[in-house]
Amino acid sequence: MSWLKSQLAPCLLLAAATLASADTLYLKNGIYIVVKKAEEKDANIEYWVGSTKYTIAKSAVDRIEAGNGPSKLPISGSGMVQDLTRRETAGLAPTHEKLALPTPEAPKHTEEYWSALRSRITTGDNIDNMRLAEIERENDSRATANAFFLAGVMQMQRGQVDQANGHFERAIQATPDQPNLLQWHAIALASLGRYADAAYELERATSLTPDSVDLLRLLGMARYDADRTADAIEAWKKAQELSPDTKTEHLLRKAERELRVEERSGKKESRHFTLHYQGDRTSPRLQSELLASLETEHQDISRQLGYEPSTNIIVILYTQKEFVDITEAPSWAGALNDGKLRIPIGGLSSMNLEVERVLKHELTHSFVASLGSGRCPTWLNEGLAQIMEGRSSSGVRYELSQLFHDRKEVPLPVLEGSFTRFSSLQAEVAYAESLAAVEYLRDRYGLGEISRMVESIGTGESSEQALRNSTGLDYSGLERRLAEYLAR
Ligand SMILES: [Zn+2]
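I will try to describe carefully the structure that is included in this document.

Each value, and the rule that gives it
- Residues numbered from 1 in each chain as written.
- Predicted model: local features only at pLDDT ≥ 70, side-chain atom pairs only at ≥ 80, totals over all residues.
- Heavy atoms only, no water.
- Donors = N, O, S within 2.8 Å, 3.2 Å for Na, K, Ca; no water.
- Tetrahedral: all angles 85-135°; square planar, octahedral: opposite > 155°, others 65-115°.
- Helix = DSSP H or I, 4+ residues; strand = E, 2+ residues; numbered from the N terminus.
- Buried < 20%, exposed > 50% of the residue type's maximum accessible area, 1.4 Å probe, protein only.
- Pairing = 2+ DSSP bridges.
- Axes fitted to C-alpha atoms, helices over the stretch in contact; angles between N-to-C directions.
- Parallel < 35°, antiparallel > 145°, perpendicular 65-115°, else oblique.
- Left-handed = near helix turned anticlockwise from the far one by under 90°.
- Contact = heavy atoms within 4.5 Å.
- Nonpolar A, V, L, I, M, F, W, Y, C, P; charged D, E, K, R; others polar.
- Core = buried A, V, L, I, M, F, W, Y, C linked by side-chain atoms within 4.5 Å.
- Domains from an automatic or database assignment.
- Salt bridge = Lys/Arg side-chain N within 4 Å of Asp/Glu carboxyl O.
- Expected span 1.5 Å × (residues − 1).

### Thoughts on the coordination of the zinc ion
Those protein atoms acting as donors to the zinc ion are His361 (NE2), His365 (NE2), Glu382 (OE) and Glu382 (OE), and they sit at 2.0 to 2.6 Å. Classification of the site at the zinc ion as irregular follows from its 4 donor atoms and the range of 54 to 149° in their angles at the metal. Between the donor residues of the zinc ion, the gaps in sequence give the motif H-x3-H-x16-E. Taken together, the residues His361 and His365, both in helix H13 (residues 353–371) and 4 residues apart, mark about one turn of the helix. For the pair shown, His361 and His365 are each scored as buried.

See the structure below:
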């Protein structure tokens with residue numbers, strides 16, 4: 001989108017309420033602008049705010065309507081946009097068109113307040129990040145939040161959604177519990193296609209103001225866009241109880257129809273996961289338990305590694321036979337992670353500790369793959385996964401210690417590659433050594449340092465060099481230390 005003049009600010013949206021007669025420009029990015037008058041001219045739309053004329057490319061405008069903005073949230077029929085991104089899961093389950101989330105109002109302040117702030121954070125037409133930083137340094141969280149909020153809104157109006165998103169994040173850091181800010185952030189996230197994150201922000205916003213019908217309607221839309229149809233239905237139902245509305249009713253019925261199809265197709269989503277399963281083989285209760293476990297584990301691993309992958313993780317549940325057929329995994333493998341978590345759950349009817357461990361182990365591999373860009377050596381990867389699942393080498397410490405004493409350990413460079421080529425006995429030794437090596441590193445240097453190692457391997461550093469940078473040890477040095485550690 002190109003603005004020839006872009007002195008727009010949220011005060012325009014505020015002004016909406018006071019304009020007697022007006023037109024509204026609905027932009028394709030979900031923003032609307034209330035103007036005095038709007039006219040088509042060649043490839044542009046010219047519009048007037050006060051006595052100032054602005055121009056915007058016609059291609060950025062969805063439509064122009066008389067009146068000063070939507071009287072209620074334009075939920076249905078307006079701004080339906082086709083989601084053109086091909087998803088990995090397409091074909092496995094029906095996908096639906098995305099709903100464009102309508103833009104919220106700016107917070108209540110006087111117009112003078114916002115124009116003063118606007119002059120303060122801009123140089124010419126541009127948002128001046130130095131000035132934003134200046135305001136931030138004054139340590140007034142309210143002023144900081146407002147400045148970044150305004151910068152975010154201005155960037156949204158210019159179609160710079162990425163920058164807007166960053167500004168909203170800073171504003172929320174300054175004042176975390178502002179429903180209006182969370183709402184704007186959600187709109188930016190949805191515009192970036194990050195529907196799951198948008199839904200999460202709106203969940204925070206609705207928990208702060210549970211009786212806001214508008215927020216509940218929006219939450220339903222974001223959840224619907226995140227393919228969380230059942231949760232969307234829940235939010236819309238709540239909104240309908242508080243204040244019935246025909247558009248919401250329409251969406252609700254549509255979502256309920258889709259949910260019935262979805263339930264037959266075998267797919268379920270949560271904030272960080274997309275779960276695929278064979279419909280008649282796992283109960284909805286087990287699916288929910290699995291997702292809940294995965295979410296808890298996700299949180300725990302993020303905290304321990306100080307890192308979180310940016311994309312949704314795909315989990316596929318198999319009966320035992322399908323698992324071996326499809327993955328061609330060696331017979332000793334319990335589960336696999338080849339970018340997707342492939343978990344055999346034959347005969348499982350409810351969660352148990354063993355399944356939780358398996359999930360956490362495989363999930364750790366997803367974190368490591370993301371943090372290390374798929375370059376992490378297997379010993380480090382498997383060692384970390386075992387630590388995260390709660391395993392300890394103490395039970396095999398004596399045997400391991402003997403192995404190292406007799407110099408019959410598998411050398412660490414050999415453990416850089418895949419273990420799937422090993423016999424089951426060799427694999428057992430390989431896993432035990434990996435676990436002991438990472439335990440040693442954790443006890444001596446901490447998980448944070450290990451996380452940094454994986455990250456630097458991800459940037460192209462060799463595993464041994466990354467080890468040396470973090471610990472001063474090369475592989476043979478680590479093996480000597482490990483022999484001493486195990487002998488203690
Ligand atoms: Zn593993």
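### What to know about the pairing of strand E13 (residues 313–318)
Most of E13 sits inside the fold, with 6 of its 6 residues counted as buried. Of the two faces of E13, the one holding Ile313, Val315 and Leu317 and the one holding Ile314, Ile316 and Tyr318 are both buried throughout. In this sheet, E13 lies alongside strand E12 (residues 273–276) in parallel orientation, the contact comprising 4 bridges. Bridge pairing links Leu275 to Val315 in E13. Strand direction decides the pairing type here: E13 and strand E15 (residues 341–344), joined by 4 bridges, are parallel. Bridged to Leu317 within E15 is Ile343.

### A look at the packing of helix H11 (residues 284–305) against H13
Across the interface, H11 lies against H13 with an axial gap of 10 Å and an inter-helix angle of 50°. For the element pair H11 / H13, the angle class is oblique. The interaxial crossing formed by H11 with H13 has right-handed handedness. Along the contact surface, H11 presents Leu290, Ser293, Leu294, Glu297, His298, Asp300, Ile301, Ser302 and Leu305, while H13 presents Val355, Glu356, Leu359, Lys360, Leu363, Thr364 and Phe367. Among the residues forming the contact of H11 with H13, the class breakdown is 8 nonpolar, 4 polar and 4 charged.

### Topic: the nonpolar core
By size, the foremost hydrophobic cluster in this structure holds 58 residues, and its most contacted members are Trp379 and Leu380. Among the elements that line this core, the one with the most residues is helix H16 (residues 424–445), at 9 residues. Viewed by domain, this core spans two of them, domain 2 (273–367) and domain 3 (378–487), each represented by three or more residues. With residues near it in sequence (within four places) discarded, Trp379 still touches Leu412, Leu415, Glu416, Phe419, Ser434, Ala437, Val438, Leu441, Tyr475 and Leu478. Counting residues in hydrophobic clusters, the runner-up holds 51 residues, among them Trp184, Leu189, Trp236 and Ala255.

### With respect to the pairing of E12
Residues of E12 alternate between two faces, with Phe273 and Leu275 on one and Thr274 and His276 on the opposite face, all of them buried. Judged from the 3 bridges that link them, strand E11 (residues 267–269) and E12 form a sheet pairing that is antiparallel. Pairing of Glu269 across the sheet is with Thr274, part of E12. Connecting E11 to the antiparallel partner E12 that follows it, the hairpin turn spans 3 residues.

### Section: the sheet that holds E12
Read from one edge to the other, the open sheet built from 5 strands follows the order E11-E12-E13-E15-E14, with strand pairing classed as mixed. Every interior strand has two partners, whereas the edge strands, E11 and strand E14 (336–337), have only one. Where E14 meets E15, 2 bridges bridge the pair, whose relative direction is antiparallel. Considered in E15, the bridge of Leu336 is made with Arg342. Sheet strands in contact with H11 are E11, E12, E13 and E15, and its direction is about 150° off that of E12. Sheet strands in contact with H13 are E12, E13, E14 and E15, and its direction is about 165° off that of E15.

### Considering the pattern of salt bridges
Inspection of every chain in the model, using the stated rule, returns 18 salt bridges. Residue Lys237 is joined to Glu256 by a salt bridge in which the shortest nitrogen-to-oxygen separation is 3.6 Å. Of this pair, Lys237 sits in helix H9 (residues 229–242) while Glu256 sits in helix H10 (residues 246–265), and the two are 19 residues apart along the sequence. The class of Glu256 is partly exposed, set by a relative accessible area of 25%. When the shortest N-O distance is used, the salt bridge between Asp300 and Lys360 registers 2.5 Å. Taken together, the positions of Asp300 in helix H11 and Lys360 in helix H13 put the pair 60 residues apart, joining distant regions of the chain. Since its relative accessible area comes to 18%, Asp300 is described here as buried.

### With respect to H16
Taking 1.5 Å of rise per residue, 22 residues should cover 32 Å, and H16 covers 31 Å from first to last C-alpha, within 8% of that figure. Taken as a whole, H16 has its buried residues at Ala427, Ala430, Ala432, Glu433, Ser434, Leu435, Ala436, Ala437, Val438, Glu439, Tyr440 and Leu441. On its buried face, H16 sits against helix H14 (378–389), helix H15 (397–405), helix H17 (447–458), helix H18 (463–471) and helix H19 (475–487). In the stretch just after H16, Gly446 is the one whose phi turns positive, near 90°.

### Here's the deal with the environment of Pro176
Mapped onto the elements, Pro176 comes out in the loop between helix H5 (161–174) and helix H6 (179–191). Its relative accessible area of 39% is what places Pro176 among the partly exposed residues. If sequence neighbours within four positions are ignored, Pro176 has contacts with Leu182 and Arg204.

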